[in-house]
Amino acid sequence: MKHVLESVESQFETFQILDENGKIVNKDNMPDLSDDDLKELMRRMVYTRMLDQRSIALNRQGRLGFYAPTAGQEASQLGSQFALEKEDYILPGYRDVPQLIWQGLPLYQAFLFSRGHFHGNQFPEDVHALSPQIIIGAQYTQAAGVALGLKKRGKKNVAITYTGDGGTSQGDFYEGINFAGAYQAPAIFFVQNNYFAISVPVEEQTAAKTLAQKSVAAGIEGIQVDGMDVLAVYAVTKDARERAIKGEGPTLIETLTYRYGPHTMAGDDPTRYRTDDLDNEWEKKDPLVRFRKYLEGKKLWSEEEENKVIEEAKDDIKKAIKKADEYPKQKVTDLIGNMYEELPNHLQEQMEEYKEKESK
Amino acid sequence: MAQMTMIQAITDAMRTELKNDDNVLVFGEDVGQNGGVFRATEGLQDEFGVDRVFDTPLAESGIGGLSIGLALQGYRPVPEIQFFGFVYEAMDSISGQMARMRYRSGGSKSAPITIRSPFGGGVHTPELHADSLEGLIAQQPGIKVVIPATPHDAKGLLIAAIRDNDPVLFLEHMKLYRSFRGEVPEEEYTVDLGKADVKREGKDVTLISYGAMVHASLKAAEELEKNDIDAEVIDLRTVSPIDIDTIVESVKKTNRVVFVQEAQRQAGVASHVISEIQERAILHLEAPILRVTAPDTVYAFSQAEEVWLPNHKDIVNKVNEVINF
Ligand SMILES: Cc1ncc(C[n+]2csc(CCOP(=O)(O)OP(=O)(O)O)c2C)c(N)n1
C-alpha cells in the first residue's frame, strides 16, 4: 500500500526571488524586466497602497460604500496583473479592484461600483474583465469558460481569475480547475492565501498543507509563491501565461500574502481572530518595503520619487471622487431598463409607476 | 421581561436549545470565535465548546450536505448561511435533498434541520446579500419557511423551528436585527410554526405581510387611521405553509386586502396567498386584491434601493385604491 500525500506535499515549495531584505535569492529565475518596468511595478504598488488608505478614509466618511481593503496584497495583485496583456481577460473577486484599475478601469468607475451605482459595472470596451464577483467561487468556473472560448477563437490570450484561500473550499473552485484541465484551456487560477477567510484561519479551512497542491487532483500545474515578493509573483504568472497560450494547460498559483486591514469596511474586527504578533510578523514582509530596498540598491528609486507617486495618486483620487459625485444619480427606472434587451409589458407598466415615484 | 433586540432574541433561542438538547449543533462560516458576521452566535462557542458550535470551510453546498448527514446521525443541525443571497450554492441540499428526505424515505427518515440566514434590504449591502428569495424555497414542499418580525416572535419561532422534526428555513431580516427592542420573556417558550399573527386589529382593510414589511404596514395603518381607515395587519410569520384560516377570517371582516412584500412582484409569496383568497373568499371581496412589492428587477444596486423598496406611503396609496374602488 502506497501513501503518497506526504511525498506530494513536500514537492510544493514556496517560490521566491526577492527576500525580506530586498536581496535577490534566486538569480536563475529573475524575470526579464527593464529598469523602467521595475520602476513601474513600484509605482503601481505605492499608488495602490495610497488608494487603499484613501478608500478606507472615504468609506469612513460615508463617501464610498462597499470596500474590501487591499494593503499587504499589492505584490500578489499587481505582480500578477503586470504579467498580463491588455487582451487577457480578468475575472476578479471583490478584493481585486486594483488589477482592474491597472488594466484600465477608470478610477471614478471603481468608486461608483463601491457606491452601488451600475455605471461602476459598465466597463469600457477595452477592459476585458467582469465586475468583481461577490459569490465566492463563481468566477472559477466562468474563467474555465472564458479560457476555453479564447482557445476556440484561436486567440493568444489567457483568462485569469482570483479568489482567496477560503474560496478554494467551494465546489466551483474544483469544478473550474478540473474543467480547464480537461480542455487544456488557457486559464490561470490565482489564489491569494492571506491566511484568513473573514475570521476562519486557513488551517481550519482545509487539511491540505498547501493550496497549490489542490492542482494535483485536477491534473494541472500548481505552484506556491511568496505573495509579498512582486518579482516572484510576476515571474510565476508570466510563466503560467506563456505555457497557457502554448497550449500547455492551466496553472493554479497560490500566493502567500496577508491583508493588513479588516475583511471589509462593513464592521469586521480583525482583533477578534488575529493577534498583534501575527500582524507584526507579516508587516516585516511588506512587499513595498522589500521592493523599495531592492530598487534603492540599484539607484532606481528615491524618497522623492515615492512622494511624487503619492501626490499623483492623491490628486487622481480627488478628481475621480469629484467625477463620481457629479455622475448622474442612479434611478430605479434605469435598473428596470437594464433587465432585458426589450422591455416586456409588465416592466413597461412598472417603468411608468416608478417614473411617477421618482418624480416626487 | 427583558428588552431585547431581534438578534439578541435569536442568540437567546439558540442558547436555550443548545442547553436543552445535546444533539443541537450550530455551525457555519465565521459563527465560532467570531460569533457570526452579525454576532448572532456571539459567545456560544465559548459557552458550549467547539464540538457544538463550530466554523465550517467556506462552502454552502458543503454546509447543506453536512447538515443532512448529521441529521441522519440523530443530530439537530442549526446551520447558518451567512447571507441568504448565497443560498443558490446550497439549493440542491435544501430544495433537492433535505426537503424531500421524509417523502423519499417513505416517512422512515427525517431532516430536523433549521437553516438560519440573514436577508432583506435597506442596509446597503453589495450584490446578492439582500435579495428576498423566500418565494423560491416556499415553492418547495417539505420545508417550512419562517420569517419573524419581532424579537418576541423570533425567539419563540426559532425554538419551535429547532424542535420541529422537519427542515425549517428561518430568515432574519437584517434591518430588523438591531433597529428596535421588544419584550422577550427570559424563560423558554415557543411560537407555533405555520400560524399567522394579527398584529393590529381593524375592520376596513386587511394588510397581509411578513418580515420588515409588517412594520411598514403598521406605520401605514397609523397614517390611515388619521383618515378614519381602520386597517388590520396580519403578520404571516410562516410563509410556507400559509395560515389561510387567519387570513380568510380577516377577509370576511374587512372585505378588502392589500398584500405587502419586500420581494419583487413576480412569483412570490403574494401570488400564492392571493390565489388562495380568491378560491376561498372571493364573494367576500369588495375590491380586487392589490399588491405592494418591489419592481421586477434584480435587487437594486444600493444607491437606488430606498426608492426600489416598498414603503408605508406606497401601502397607504394602495389602500386608498382598494377603499375607493
Ligand atoms: C458563496 C459565498 N459565500 C459566502 C460569502 C461571504 N464571504 C465573503 S468574503 C468571505 C471570506 C472569503 O475569504 P477568502 O476566500 O480567503 O478571501 P479573502 O476575503 O481573504 O480575500 C465570505 C465567507 C460570499 N461572498 N459568497
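Residues numbered from 1 in each chain as written. Chains lettered and ligands numbered in written order. Predicted model: local features only at pLDDT ≥ 70, side-chain atom pairs only at ≥ 80, totals over all residues. Heavy atoms only, no water.

As recorded in an unreviewed UniProt entry, chain B goes by Alpha-ketoacid dehydrogenase subunit beta and comes from Virgibacillus phasianinus. Under the UniProt heading Cofactor (unreviewed entry), the note attached to chain B is "thiamine diphosphate". (UniProt positions renumbered as here; feature names shortened; annotations may be inferred.)

In the annotation of an unreviewed UniProt entry, chain A is listed under the name Pyruvate dehydrogenase E1 component subunit alpha and assigned to Virgibacillus phasianinus. The UniProt entry for chain A carries this comment under Function (unreviewed entry): "The pyruvate dehydrogenase complex catalyzes the overall conversion of pyruvate to acetyl-CoA and CO(2). It contains multiple copies of three enzymatic components: pyruvate dehydrogenase (E1), dihydrolipoamide acetyltransferase (E2) and lipoamide dehydrogenase (E3)."

To continue, consider the overall build of chain A. Along the backbone of chain A there are 15 helices and eight strands. Relative to its length of 360 residues, chain A is compact, with a C-alpha radius of gyration of 21 Å against a globular reference of 21 Å. A buried classification covers 57% of the 360 residues belonging to chain A. In chain A, of all internal contacts separated by at least 6 residues, the share reaching a separation of at least 24 is 75%. (Helix = DSSP H or I, 4+ residues; strand = E, 2+ residues; numbered from the N terminus. Rg over C-alpha atoms; globule rule 2.2 N^0.38 Å. Buried < 20%, exposed > 50% of the residue type's maximum accessible area, 1.4 Å probe, protein only. Contact = heavy atoms within 4.5 Å.)

Attention now moves to the site of the ligand. Neighbouring the ligand are 21 residues; Tyr-94, Arg-95, Ile-134 and Gly-166 of chain A together with Glu-60 of chain B lie closest to it. Surrounding the ligand are residues belonging to chains A and B, so the site spans chains. Here an oxygen atom of the ligand and a side-chain polar atom of Asp-165 of chain A are 3.0 Å apart. Considering the ligand on its own, with 580 Å² of exposed area, one finds that the protein chains cover 95% of that surface. (Near = heavy atom within 4 Å. Polar contact = N/O pair within 3.5 Å; in protein donor to acceptor, adjacent residues only side chain to side chain. Areas by Shrake-Rupley, 256 points an atom, 1.4 Å probe, with all protein chains shown as cover.)

We now examine the interface of chain A and chain B. Contacts between the two partners involve 38 residues from chain A and, on the opposite side, 39 residues from chain B. Taken together, chain A and chain B are joined by two salt bridges. With a closest N to O distance of 2.7 Å, Lys-357 of chain A and Asp-314 of chain B form a salt bridge. Those elements that provide at least two residues to the side of chain A that touches chain B are helix H8 (202-205), helix H14 (332-337) and helix H15 (345-359) of chain A. Here the side of chain A that touches chain B gets six residues from one element, more than from any other, and that element is H15 of chain A. (Salt bridge = Lys/Arg side-chain N within 4 Å of Asp/Glu carboxyl O.)

Residues and elements named next belong to chain A. Each assigned domain of chain A is listed with its residue range as follows: domain 1 (4-329) and domain 2 (330-359). Centre-to-centre, using C-alpha coordinates, domain 1 lies 37 Å away from domain 2. Taken together, the contact between domain 1 and domain 2 spans five residues of the former and five residues of the latter. Buried surface at the junction of domain 1 and domain 2, both sides included, amounts to about 380 Å², of which 48% is carbon and sulfur. Its largest share of buried area at the contact with domain 2, domain 1 owes to Gly-116, Phe-118 and Lys-329, together 91% of the area lost on that side. (Domains from an automatic or database assignment. Buried area = accessible area lost by both parts, 1.4 Å probe.)

Residues and elements named next belong to chain A. Inspection of every chain in the model, using the stated rule, returns three cavities of 30 Å³ or more. In this structure, the largest cavity spans a volume of roughly 170 Å³. Forming the boundary of the largest cavity are 18 residues, of which Ser-55, Tyr-67, Val-97, Ile-101 and Ala-110 lie nearest the centre. Every element with two or more residues in the lining of the largest cavity is listed here: helix H2 (35-60), helix H4 (97-102) and helix H5 (107-114). Partitioned by chemical class, the residues of the lining of the largest cavity number 12 nonpolar, four polar and two charged. (1 Å grid on protein atoms, 1.4 Å probe; cavity = no way out; pocket = protein on both sides within 12 Å on 5 of 7 lines; lining within 4 Å. Points joined across faces, edges and corners; volume = space filled by probe spheres on them. Nonpolar A, V, L, I, M, F, W, Y, C, P; charged D, E, K, R; others polar.)

Once that is clear, we can look at the domain arrangement of chain B. All names here are of chain B. Domains assigned within chain B are domain 1 (2-184) and domain 2 (197-324). Averaged C-alpha coordinates put domain 1 and domain 2 at centres separated by 26 Å. The partner domain 2 presents 23 residues to the 26 residues of domain 1 that form the contact. Across the domain 1/domain 2 interface, buried area totals approximately 1,900 Å², and carbon plus sulfur atoms make up 56% of it. In this structure, the connection of domain 1 to domain 2 is made through two salt bridges.

All names here are of chain B. Two elements, strand S13 (residues 257-264) and strand S14 (residues 290-294), share four bridges in a ladder whose sense is parallel. Paired with Val-260 across the bridge in S14 is Val-292. Viewed along the sheet, the connection from S13 through helix H10 (residues 269-281) into S14 turns out right-handed. (Pairing = 2+ DSSP bridges. Right-handed = clockwise from strand over helix to strand, strands pointing away.)

On to the environment of Ile-245 of chain A. Secondary-structure assignment places Ile-245 of chain A in helix H10 (residues 230-245). On the basis of relative accessibility, which here comes to 22%, the residue Ile-245 of chain A falls in the partly exposed class.

Right, let's get into the packing of aromatic side chains. Counting across every chain of the model gives 19 aromatic pairs over all chains. Ring geometry for Phe-291 of chain A against Tyr-294 of chain A: centres 5.9 Å apart, planes inclined by 25°, an arrangement best described as stacked. Taken together, the residues span about one helical turn, with Phe-291 of chain A and Tyr-294 of chain A both in helix H12 (residues 287-297) at a distance of three residues. Comparing Phe-291 of chain A with Tyr-294 of chain A shows no difference in burial state: the two are buried. Pairing Phe-38 of chain B with Tyr-177 of chain B gives two aromatic rings, centres 5.1 Å apart and planes at 50°, and the pair type is tilted. With Phe-38 of chain B in the loop between strand S2 (24-28) and helix H2 (44-48) and Tyr-177 of chain B in the loop between strand S7 (168-173) and strand S8 (182-184), the pair connects residues that are 139 residues apart, well separated along the chain. For Tyr-177 of chain B, a relative accessible area of 2% gives the class buried. (Phe/Tyr/Trp six-rings, centres within 6.5 Å; stacked < 30°, edge-to-face > 60°.)

As a further point, take the environment of Tyr-340 of chain A. Tracing the backbone through its elements, the reader meets Tyr-340 of chain A in the loop between H14 and H15. For the pair Tyr-340 of chain A and Glu-326 of chain A, spaced 14 residues apart in the sequence, the C-alpha separation amounts to 27 Å.

Right, let's talk about the pairing of S2 of chain B for a bit. Residues and elements named next belong to chain B. Here S2 lies mainly inside the structure; five of its five residues are buried. With burial as the criterion, each face of S2 is covered, one bearing Val-24, Val-26 and Gly-28 and the other bearing Leu-25 and Phe-27. Direction of pairing for S2 relative to strand S3 (residues 53-55): parallel, over a ladder of three bridges. Bridge assignment links Gly-28 to a residue of S3, and that residue is Asp-55.

Before going further, it helps to spend a moment on the nonpolar core. Ranked by internal contacts, the top residues of the largest apolar core, which has 145 residues, are Leu-231 and Phe-291 of chain A together with Leu-236 and Ile-247 of chain B. Apart from the residues lying within four places of it in its own chain, the contact partners of Leu-236 of chain B are Lys-195, Ala-196, Ile-208, Ser-209, Tyr-210, Ile-242, Ile-247, Phe-259, Val-269 and Val-273 of chain B. (Core = buried A, V, L, I, M, F, W, Y, C linked by side-chain atoms within 4.5 Å.)

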